[in-house]
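Working through the structure, step by step
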Amino acid sequence: MDKLLYINESGLTLIDVHKTLRHQDGAVNLAWHDWDRIETLVGALPSQQSVGVIFDFVDDAHQLHWVAKLLPWEKRAYEKRLESKAYSEGAMLVRLSWLSFYRQSEEGREEQALMISSVFGNVQIEALFNLFEEAEISVKALYSYSFLLESFFLTKLVPALDLSKQDLEKPMMLVFRESRVNFRQIFFNFARLNISRRIELDEELEGDQAINTALIHEAQIAVKYLYNQKIIPLNSEVSFVYINSHGHDEEDVTNEYLEKVALTKWEPSNFFIVASDIYAITNTRRWDDSLYSTLDFLAIYLQKSRPKSFYRNRLVDKILFLCKLKNWLLGLSVLVFLLSSYYAVTLGINGYLLNHKRQQMDAQIEQNHQERNRLQNSVDLQYDAEDIKASVEFSESLLKLKLHNIAGFDMSLLSNVLSRHSHIALSVLRWKKVNTFDSPLISITLKGWVFPFHDAYEMPVKWVDELVKDFNSQPEVKSVTLTKEPLDRSLKKTLLISGAADKAMNALPFQMTLVIGRR
């Protein structure tokens, strides 16, 4: 928060949280009847600065109710009914807080504690919020003065006072001294604020003793009220915590509480009395002799701790939504920038690597050219590599032509097919012209063995069928006829395979006829 507006029945106080407690006048006080100055003050607030509003009216309601225990999905409907009732009774702001405290009523009903807080509307508050909207002031939080004191006490003062969780669960009266004769009295039950009231003593009281006596008298009245309203059992113990900011009479106040409020029936182990100076427990240094108000300490607390808004209304919801939208867009912009930067860096690195690789390839090509030239010079070739390649291809074609003319067909065809079938051994190869001497067709008879054979015909038959299928797939082969299949169960012949280290293997004979056409 940059600015705080504290408003009560008398008027408003504008606090600059960056100046408070720093030997600078960071507060401006204006009464409600001085409306022209209030309009000028609000209109001069920078729209980019965030503003928090603290409500502190006498008729603010903070009531603890015990409600029949509801299921989670039943609570929202019940809350809406209570909110509608509060608004119909004149409330401007409403806050419902379910507390984690349960009890059983006299009728045996399970109940849960519910705190209902509200600020009643008036002409001045409504006009002030209209000014906020017209001037587009960024009101981000609405606080209750009493609950702000509760949060400040629980988070900042309790650890310094060395109070335990068990201490806080006991009924306790907390008193802040805000000025010479102004005090804030807060009753805690179940470690949460239950009742809050402002105490304004008579300005004509003279001396600290008279003020302390009047303060303790107010404490007596409050304790009797708790008994009469059955908020706590009759004659039960009430602990006392006194936070002083104007003087050093803590011990006198606690002695009077022990003497005039604490009953003789109270068990000493069931209550405690603590008093301290707020400057000491908050380690605050005063710049001059002026005394700081409780509001000054709350301003510093809000600046450092930034608690969430206690109340919500249409204006605050709108501003918080716009702030979230702004943060979301800012985050999206940062994400887009990071992704763009990553993409640009990736492209740069890839470009550098590709350029480096291209340079390496160019260098390799140049090196290969140099090596080729060196080899040509070393052997004194009269022809280049293209000529040599053409010569090799011509030699291969010539050799193939010779093989074709020797038998009248391309013998490499048979060689290539047979080389793909390791279970076939060729024993006889005969060929002849079909019908006439100048026929383009040649009949080839193949006799051979399929191995190994071990009492089962399945695999030998399969291997021979694969050979037939392979021959049929050749474009030069016109037909394939298996004239003898390897199916004689009683026939057992042995074929000595060259290179098998004199190892005899059982085999089956087969015979087939191929018809091949000239190309």
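Refer to the structure presented above.
In this report, the structure presented in the accompanying data block is examined. Only a predicted model underlies this, so the values are computations on that prediction, with no experimental measurement involved.

About the thresholds
Residues numbered from 1 in each chain as written. Predicted model: local features only at pLDDT ≥ 70, side-chain atom pairs only at ≥ 80, totals over all residues. Heavy atoms only, no water. Helix = DSSP H or I, 4+ residues; strand = E, 2+ residues; numbered from the N terminus. Buried < 20%, exposed > 50% of the residue type's maximum accessible area, 1.4 Å probe, protein only. Contact = heavy atoms within 4.5 Å. Areas by Shrake-Rupley, 256 points an atom, 1.4 Å probe, with all protein chains shown as cover. Core = buried A, V, L, I, M, F, W, Y, C linked by side-chain atoms within 4.5 Å. Pairing = 2+ DSSP bridges. Salt bridge = Lys/Arg side-chain N within 4 Å of Asp/Glu carboxyl O. Axes fitted to C-alpha atoms, helices over the stretch in contact; angles between N-to-C directions. Phe/Tyr/Trp six-rings, centres within 6.5 Å; stacked < 30°, edge-to-face > 60°. Lys NZ or Arg CZ within 6 Å of the ring centre and 35° of its normal. Parallel < 35°, antiparallel > 145°, perpendicular 65-115°, else oblique. Left-handed = near helix turned anticlockwise from the far one by under 90°. Nonpolar A, V, L, I, M, F, W, Y, C, P; charged D, E, K, R; others polar.

1. A look at the overall build of the chain
Looking only at helices and strands, the chain has 13 helices and 18 strands in total. Buried residues in the chain amount to 40% of all 519 residues. Of the contacts formed within the chain by residues at least 6 apart in sequence, a portion of 68% connects residues at least 24 apart. For the chain, the accessible area works out to roughly 30,900 Å², and carbon and sulfur atoms hold 53% of it.

2. Quick look at the nonpolar core
Judged by nonpolar contacts, the single largest core of 68 residues is most densely connected at Phe55, Phe132 and Phe153. For this core, the leading source of residues is helix H4 (residues 145–161), giving nine residues. What Phe55 contacts, discounting residues up to four positions off in sequence, is Ile7, Asp60, Leu93, Val119, Ile125, Phe129, Leu142, Tyr143, Ser144, Tyr145 and Tyr311. With 26 residues, the next largest nonpolar core counts Met173, Leu201, Ile211 and Tyr257 among its residues.

3. Quick look at the pairing of strand E9 (residues 172–177)
In terms of burial, E9 is largely enclosed, as six of its six residues are buried. Because side chains alternate across E9, one face comprises the buried residues Met172, Leu174 and Phe176, and the other comprises Met173, Val175 and Arg177, equally buried. Sheet analysis places E9 next to strand E12 (residues 239–244), joined by five bridges and oriented parallel. Bridge pairing in E12 links Met173 to Phe240. Where E9 lies against strand E10 (residues 182–189), six bridges are found, and the strand directions are antiparallel. Across the sheet, Met173 pairs through a bridge with Phe187, a residue of E10.

4. Brief notes about unusual backbone geometry
In this structure, the amide linkage connecting Phe451 to the following residue, Pro452, adopts the cis form with an omega of -10°. With respect to the helices and strands, the residue Pro452 is situated in the loop between strand E15 (441–450) and helix H13 (458–472). Unusually for a residue other than glycine, Glu136 sits at a positive phi of about 55°. Residue position: Glu136 is located in the loop between helix H3 (123–134) and strand E8 (138–144). The exposure class assigned to Glu136 is exposed, which follows from its relative accessible area of 60%. A positive phi angle is found at Asp162, which is not glycine, with a value near 60°. Of note, Asp162 is situated in the loop between H4 and helix H5 (165–168). Asp162 gets classed as exposed once you look at its relative accessible area, which sits at 67%.

5. Regarding the pattern of salt bridges
Here the structure, examined in full by the defined rule, presents 17 salt bridges. For Arg76, the salt bridge identified is with Glu79, shortest N-O distance 2.9 Å. In this pair, Arg76 and Glu79 both sit in helix H2 (residues 72–88), three residues apart, roughly one turn of the helix. Across the pair Lys260 and Glu256 runs a salt bridge, and its minimum N-O distance is 3.2 Å. Of the two residues, Lys260 and Glu256 both sit in helix H7 (residues 250–260), four residues apart, roughly one turn of that helix. Classification of Lys260 as partly exposed rests on a relative accessible area of 36%. Residue classification places Glu256 among the buried residues on the basis of a relative accessible area of 6%. Linked through salt bridges whose partners overlap, the residues forming this network are Glu9, Asp56, Glu178, Arg184, Arg198 and Glu200.

6. A few points about the sheet that holds strand E7 (residues 110–120)
Taken together, three strands build an open sheet; the order of strands is E5-E7-E6 and the sheet is antiparallel. In the strand order of this sheet, the two ends are held by strand E5 (61–68) and strand E6 (91–104), each with one partner. With strand direction ignored, the average angle separating the axes of adjacent strands in the sheet is 20°. For E5 and E7, the ladder comprises eight bridges, and the chain directions are antiparallel. If you follow Val67 over to E7, its bridge partner there is Gln112. Contacting E5, E6 and E7, H2 crosses the sheet at an angle of about 135° to E6.

7. Description of the packing of aromatic side chains
For the structure on display, the rule yields 16 aromatic pairs. Taking 4.9 Å as the distance between ring centres and 90° as the angle between the ring planes, the aromatic pair formed by Phe310 and Tyr311 counts as edge-to-face. Residue Phe310 shares its accessibility class with Tyr311, and that shared class is buried. Just above the ring of Tyr102 sits the side chain of Lys69; from NZ or CZ to the centre is 5.1 Å. Here the basic side chain of Arg95 rests over the ring of Phe310, its NZ or CZ set 4.4 Å away from the ring centre.

8. With respect to the pairing of strand E4 (residues 50–55)
Counting buried positions over the six residues of E4 gives six, a clear majority of the element. In E4, alternate side chains face the same way, and those of Ser50, Gly52 and Ile54 on one face and Val51, Val53 and Phe55 on the other are all buried. With five bridges joining them, strand E1 (residues 3–7) and E4 adopt parallel strand pairing. When the bridges of E4 are listed, Lys3 appears paired with Val51. Strand direction decides the pairing type here: E4 and E8, joined by six bridges, are parallel. If you follow Phe55 over to E8, its bridge partner there is Ser144.

9. Here we look at the packing of helix H6 (residues 207–228) against H7
Where H6 contacts H7, the two axes come as close as 10 Å, and the packing angle between them is 45°. For the element pair H6 / H7, the angle class is oblique. Crossing of H6 against H7: the hand is right-handed. For the pair formed by H6 and H7, the contact residues are Gln209, Asn212, Thr213, Leu215, Ile216, Ala219 and Gln220 on the first element and Asp252, Val253, Glu256, Tyr257 and Lys260 on the second. Looking at the contact of H6 with H7 residue by residue, the classes come out as five nonpolar, four polar and three charged.

10. Overview of the packing of helix H1 (residues 35–43) against H3
Put simply, H1 and H3 touch, their axes get as near as 10 Å, and they point 30° apart. By the criterion of interaxial angle, the relationship of H1 to H3 is roughly parallel. The interaxial crossing formed by H1 with H3 has right-handed handedness. Here H1 contributes Trp35, Ile38, Glu39 and Val42 to the contact with H3, which in turn contributes Gln124, Ala127, Leu128, Leu131 and Phe132.

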